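Chain by chain, the residues run as shown.
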Amino acid sequence: MSEKRRIEITDWQLSEDLNTLSETDDTAAEAKVEELRSKYLMERTEYIEKLGAVGTVAEREAKAKTSQKYMKAEETYLTAMTNNEKLKAKRASAAIRIEVWRSKNANRRTGNI
């Protein structure tokens, strides 16, 4: 059975988390835009590749989605999505620690801790 350990959020950690949130606003917006842009470019690449393919609809779709250009666009999209999700997780963790700190301090002020 694992032991529960008490986690303290220091003023330094709070300061770091506040800085993380304020300093990554633009980066978070840019990461989201990059994800959306790369998804759009991937879809556009698929359409372009379909136009150059011959065969049934299913064959043209298969050729388009297995083309080198499409697979490169897909990899770019997946990378952008990964970067966006990592940044969102980092910001969410910081926000959670800030909220825990606020809650603990509110409880201390009211004498609940």
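In case you missed it, the structure is sitting above this.
Worth saying up front: this structure is predicted, and the values here are computed from it rather than measured. (Residues numbered from 1 in each chain as written. Predicted model: local features only at pLDDT ≥ 70, side-chain atom pairs only at ≥ 80, totals over all residues. Heavy atoms only, no water.)

Novice: Report on the side chain of Thr 45, specifying residues and quantitative values.
Specialist: Tracing the chain through its elements places Thr 45 in helix H2 (residues 25-51). Taking relative accessible area as the criterion, Thr 45 reaches 17% and is therefore assigned buried. Only 2.7 Å separates the side chain of Thr 45 from the backbone oxygen of Leu 41, close enough to count as a polar contact. With residues up to four places along the chain from it excluded, the contact list for Thr 45 reads Lys 69, Tyr 70 and Ala 73. (Helix = DSSP H or I, 4+ residues; strand = E, 2+ residues; numbered from the N terminus. Buried < 20%, exposed > 50% of the residue type's maximum accessible area, 1.4 Å probe, protein only. Polar contact = N/O pair within 3.5 Å; in protein donor to acceptor, adjacent residues only side chain to side chain. Contact = heavy atoms within 4.5 Å.)

Novice: Can you tell me about the pattern of salt bridges, naming the residues and giving the values?
Specialist: If you walk through the whole model with that rule in mind, you get 9 salt bridges. Taking the shortest distance from any N to any O, the salt bridge between Asp 25 and Arg 91 comes out at 3.1 Å. With Asp 25 in helix H2 and Arg 91 in helix H4 (residues 68-110), this residue pair connects regions lying 66 residues apart in the sequence. Given the relative accessible area of 40%, Asp 25 is considered partly exposed. Lys 88 is the partner of Glu 85 in a salt bridge, and the nearest nitrogen-oxygen pair spans 3.1 Å. Here Lys 88 and Glu 85 lie together in helix H4, a separation of 3 residues that amounts to about one turn. (Salt bridge = Lys/Arg side-chain N within 4 Å of Asp/Glu carboxyl O.)

Novice: Give me the lowdown on the packing of H2 against helix H3 (residues 57-65), citing residues and values where you can.
Specialist: Geometrically, a packed helix pair is captured by the angle between its two axes and the distance between the axes. At a minimum axis distance of 8 Å, the contact between H2 and H3 shows a crossing angle of 125 degrees. Our classification of the angle between H2 and H3 gives oblique. Note on packing geometry: the crossing formed by H2 with H3 is right-handed. Where H2 approaches H3, its residues Glu 46, Glu 49 and Lys 50 are matched on the opposing element by Arg 60, Glu 61, Ala 64 and Lys 65. (Axes fitted to C-alpha atoms, helices over the stretch in contact; angles between N-to-C directions. Parallel < 35°, antiparallel > 145°, perpendicular 65-115°, else oblique. Left-handed = near helix turned anticlockwise from the far one by under 90°.)

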